[in-house]
Amino acid sequence: RDRKAYACIFLRLCVLTRRGAAYGPDFPCTTVRDSVQLQMMVVFDYLAVASVRCVIGGSLGGMVALEWAIMAGDRVKSVVPIATSARVRAPCMAK
């Protein structure tokens, strides 16, 4: 395999701030799908990557990996979701 054909890209979920303070309850509700849409724009549009060999993530990152598989279809060759589930109920989330 040509090693020049592969690169590792690390994407995180970001917390936006305003004037040095967190938005808190004023920030609009976002979903894993919202995050993945933004990540896909960066990878496919900005970086001009044609396909992704593997998406790996643990916990919430595992949910992100699953969403990549759903949204990107044939452009994602494999996913490795670690210690995750396909959905989570409100009582399971940290506040």
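Look up: the structure comes first, before these words.
Two strands pair when backbone bridges link them, and strand 3 (residues 55-58) and strand 4 (residues 79-82) are joined in this way by four bridges, in the parallel orientation. Paired with G58 across the strands is I82, a residue of strand 4. After leaving strand 3, the chain enters helix 2 (residues 60-72) and then returns to the sheet as strand 4, a path that is right-handed.

This part covers unusual backbone geometry. With a phi close to 55°, A48 is a non-glycine residue in the positive phi region. One non-glycine residue, A83, lies in the positive phi region at around 50°. Structurally, A83 can be placed in the segment after strand 4.

As a further point, take the layout of surface pockets. Here the second largest pocket is characterised by a volume of approximately 790 Å³. If you list the elements that add at least two residues to the lining of the second largest pocket, you get helix 1 (32-46), strand 3 and helix 2.

Another point: helix 2. Here helix 2 spans 18 Å end to end across 13 residues, near enough to the 18 Å set by a 1.5 Å rise per residue. Among all positions in helix 2, only G62, M63, V64, A65, E67, W68 and A72 are buried. Considering only its buried residues, helix 2 is in contact with helix 1, strand 3 and strand 4.

Moving on, we get to a nonpolar patch on the surface. Together, I9, L11, Y46 and L47 make up an exposed nonpolar region whose accessible area comes to about 410 Å². With respect to the secondary-structure elements, L11 resides in the segment before strand 1 (17-18).

About the criteria used
Along each chain, numbering runs from 1 in the same order as the chain's sequence is written. Local features in this predicted model are restricted to residues whose pLDDT is 70 or higher, and side-chain atom pairs enter the listing and the counts only when it is 80 or higher, whereas totals over whole chains, interfaces and linings include all residues. For side-chain calculations, the full set of non-hydrogen atoms in the structure is used, while hydrogens and water are omitted. Two strands pair if DSSP finds at least two bridges between them. Here a strand is any run of E in DSSP of at least two residues, a helix any run of H or I of at least four, and the numbering for each starts at the N terminus. When the strands point away from the viewer, a crossover counts as right-handed if the route from the first strand across the helix to the second turns clockwise. The way it works is a 1 Å grid over only the protein atoms, where trapped points that fit a 1.4 Å probe form a cavity and open points with protein on both sides within 12 Å along at least five of seven lines form a pocket, and then any residue with an atom within 4 Å of a point lines it. Grid points are joined across faces, edges and corners, and a volume is the space filled by probe spheres set on the points. Expected helix span is given by 1.5 Å per residue-to-residue step, counting one fewer step than there are residues. Between buried and exposed lies partly exposed: a residue is buried under 20% and exposed over 50% of the maximum accessible area for its type, with that area taken using a 1.4 Å probe on protein chains only. Residue contacts follow a heavy-atom distance rule, with two residues in contact if any of their heavy atoms lie within 4.5 Å. Candidates for patches are residues over 30% relative accessible area with no salt bridge; among them, like charges are joined within 9 Å and nonpolar side chains (Val, Leu, Ile, Met, Phe, Trp, Tyr) within 5 Å. Accessible areas in this description were obtained via Shrake-Rupley with a 1.4 Å probe; residue shielding takes into account the shown protein chains only. Within this document, salt bridges are pairs made up of a side-chain nitrogen of Lys or Arg and a carboxyl oxygen of Asp or Glu, the two lying within 4 Å of each other.

Remember, this is a structural readout, not a statement about activity or role.
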